[in-house]
Amino acid sequence: MSVSRLLIAIVAAYLLGSIPTSYWVVRLVKGVDLRTLGSGNLGATNLYRVLGWRFAVPVAAFDTLKGAVPVAVFGPWAGASIAISVALGVVALFGHVCSVFVGFRGGKGVATGAGIVLGVAPWAFLAVLGVWGVTTGLTGYVSLASVIAALALAPAIWFLEPMRRDVVGWFAALAVVVIWLHRANIKRLARGTENRFGRSRGAAA
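The following refers to the structure shown.

So, how was this worked out
Residues numbered from 1 in each chain as written. Predicted model: local features only at pLDDT ≥ 70, side-chain atom pairs only at ≥ 80, totals over all residues. Heavy atoms only, no water. Phe/Tyr/Trp six-rings, centres within 6.5 Å; stacked < 30°, edge-to-face > 60°. Helix = DSSP H or I, 4+ residues; strand = E, 2+ residues; numbered from the N terminus. Buried < 20%, exposed > 50% of the residue type's maximum accessible area, 1.4 Å probe, protein only. Lys NZ or Arg CZ within 6 Å of the ring centre and 35° of its normal.

1. Regarding the packing of aromatic side chains
Part 1 of the argument: Taken as a whole and assessed by the stated rule, the structure comprises three aromatic pairs.
Part 2 of the argument: Judged by centre distance (6.0 Å) and plane angle (40°), the rings of Tyr-14 and Phe-94 are tilted. Remark: Phe-94 occurs in helix α5 (residues 82-97) and Tyr-14 occurs in helix α1 (residues 3-18); sequence separation between them is 80 residues.
Part 3 of the argument: The exposure class assigned to Phe-94 is partly exposed, which follows from its relative accessible area of 48%.
Part 4 of the argument: Between the aromatic rings of Trp-24 and Phe-101, the centroid separation amounts to 5.8 Å while the plane-to-plane angle is 50°, which identifies the pairing as tilted. Note that Trp-24 is positioned in helix α2 (residues 21-30) and Phe-101 in the loop between α5 and α6 (110-120), a separation of 77 residues in sequence.
Part 5 of the argument: In this structure Phe-101 comes out as partly exposed when scored by relative accessible area, which is 42%.
Part 6 of the argument: For the cation-ring pair, Arg-165 lies above Trp-158, with the distance from its terminal atom to the ring centre recorded as 4.4 Å.
Part 7 of the argument: Sitting over the ring of Trp-180, Arg-183 keeps its end group 3.8 Å from the ring centre.

In structure tokens:
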């Protein structure tokens, strides 16, 4: 493994993760700050509330790639092990959540975290995506679906990707991070005040 290449990969992973896709899209299309709209979150779900599917889907796809590219491209380029490659994905996730371009704010990291899974364990990615989609469809709560998908992540890798069991601990830690980032949503879910998908108290007001 090349130390110099690894350092470059770390910086590149953070900067790639830091690209505030939804913020720039709303700024370009509407000329406003997404942090002042809807939930104020810089993620694809809030972008959907503001601009709809036409913009939210490609932004979510790009945010997913922000997690997959460091794992699948930067890591191998640096000659890193699979564990270090996953760590590069986590660096990109940190960039997404704490973007240097928007005052160290960002999204909740679900799409970027999913990209890390995609880059390492595609079958587990599909399974967790299915869990997320079914839960969202049944309940209407993206936040609840994200938390349940995070809880399903480590078991999905363990059973569907046995060759990747050596990095299950990384993904268990990733699930904890995603759940922690949704702590405010969990409190609102418990109180019955959480927004359902496609609706926003702010937009309604």
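2. Brief notes about the environment of Val-97
Part 1 of the argument: Structurally, Val-97 can be placed in helix α5.
Part 2 of the argument: On a C-alpha basis, the gap between Val-97 and Trp-170 in space is 18 Å, while along the polypeptide they are 73 residues apart.

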